[in-house]
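Examining the three-dimensional arrangement
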Amino acid sequence: MIEIGGGYGYLTRDFLDRNNTLQATMLDVSPCLLQKQRYLLEDHEVNYRQADIMDVDGRELQPFDLAILNENLGDLPTMVNIHRDVFVSRLHDLDQPLQRVRQMFDQYALGLPESELFNLNIGALNVLEKLCHAGIPFIFISEHSCEAEVHEPLRRWIQIQSPGNPERIRLRGHDEYTIRFSYLERIARTFQYKTFRGPLADFIAFDFTDKVRYMMHLESFMKDEHEIIRYFIEDRYPYEYLILMKSI
Ligand SMILES: C[S@@+](CC[C@H](N)C(=O)[O-])C[C@H]1O[C@@H](n2cnc3c(N)ncnc32)[C@H](O)[C@@H]1O
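The present account deals with the structure reproduced in this document. Since we're looking at a predicted model, the values are computed, not measured. (Residues numbered from 1 in each chain as written. Predicted model: local features only at pLDDT ≥ 70, side-chain atom pairs only at ≥ 80, totals over all residues. Heavy atoms only, no water.)

With that settled, consider the site of the ligand. Near the ligand you find 16 residues, and of these Gly-5, Gly-7, Asp-28, Asp-52 and Asn-70 are the closest. Take Gly-5: an N or O atom from its main chain is 2.8 Å from a nitrogen atom of the ligand. One nitrogen or oxygen atom from the main chain of Asn-70 is found 2.7 Å from a nitrogen atom belonging to the ligand. For the ligand, whose unbound accessible area comes to 600 Å², protein coverage reaches 78%. (Near = heavy atom within 4 Å. Polar contact = N/O pair within 3.5 Å; in protein donor to acceptor, adjacent residues only side chain to side chain. Areas by Shrake-Rupley, 256 points an atom, 1.4 Å probe, with all protein chains shown as cover.)

Right, let's talk about the sheet that holds strand β11 (residues 239-246) for a bit. Strand order in this open sheet of seven strands is β3-β2-β1-β4-β7-β11-β10, and the pairing throughout is mixed. The open sheet has two edge strands, β3 (46-50) and β10 (193-199), and neither has a second partner. Averaged over neighbouring strand pairs, the angle between their axes works out to 15 degrees when direction is ignored. Of the strand pairs in this sheet, strand β4 (residues 66-70) and strand β7 (residues 138-144) are connected by five bridges, and their pairing is parallel. Bridging from a neighbouring strand, Ile-68 pairs with Phe-140 of β7. The sheet contacts of helix α5 (residues 181-190) involve β7, β10 and β11, and relative to β10 the element is tilted by about 165 degrees. (Pairing = 2+ DSSP bridges. Helix = DSSP H or I, 4+ residues; strand = E, 2+ residues; numbered from the N terminus. Axes fitted to C-alpha atoms, helices over the stretch in contact; angles between N-to-C directions. Contact = heavy atoms within 4.5 Å.)

This part is about helix α4 (residues 122-134). Over its 13 residues, α4 extends 18 Å from the first C-alpha to the last, a length consistent with the 18 Å expected when each residue adds 1.5 Å. Here α4 lies mainly inside the structure; eleven of its 13 residues are buried. If you check which residues of α4 are buried, you get Ile-122, Gly-123, Ala-124, Leu-125, Val-127, Leu-128, Glu-129, Lys-130, Leu-131, Cys-132 and Ala-134. One or two positions beyond α4, positive phi appears at Gly-135, with a value near 75 degrees. (Expected span 1.5 Å × (residues − 1). Buried < 20%, exposed > 50% of the residue type's maximum accessible area, 1.4 Å probe, protein only.)

The analysis is restricted to geometry; functional conclusions fall outside its scope.
Right under this line is the structure:
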């Protein structure tokens, strides 16, 4: 397995603790986080690679059976405020990044954006294309989505934004963008992957008790516990997962 952007390494540690026959590689752009991963995973035999996934040659990914990208596609480059003219201009009138945008929409039959100006998770699309092209049989992705929805009857308790257009999230030190998952799905299907998609709530279940209902209605919090639980419950919805399985 390869975990791309593994942060502190907890997720891979859990995998290895459950199955010590797994051979794991951690690929990360950050030397500091790779150091943390080495520390956390010191009891396991793991390969480490410092690299930007955007620059990795897809052929190097071919040996892996499983790739995990948990909460990092939003860190990759996003093109912002692209004008819809990109779809009607003559291809050779467009500069190179916009030609790539056009090529992506044409090649994968991506649905056209609704607004005149739109943002595109070009880094995420390029990386997924690379993973699929390498033919990795299983791929797990999870990230903050711009298309997530809460279904009835929970809508009255949990309200989330679902603008469809990737949105900027300002963080300390860097910005990231929410992900348009439907485009990732299209790319994966073009490469003959079966796709399974949904909110993290699908596998982090909880009982909607009276106490939880009470917390979901609070306008301000008297107790830290209530605030923590409320955000934990709400965050399971805007975060989506996408599991890809290569059809044989
Ligand atoms: C928000 S953290 C997520 C960490 C971990 N996967 C988790 O869920 O807790 C993002 C991780 O992706 C890594 N990362 C960001 N951009 C990257 C890139 N272009 N190539 C490789 N790793 C990258 C960061 O260094 C960091 O380890």
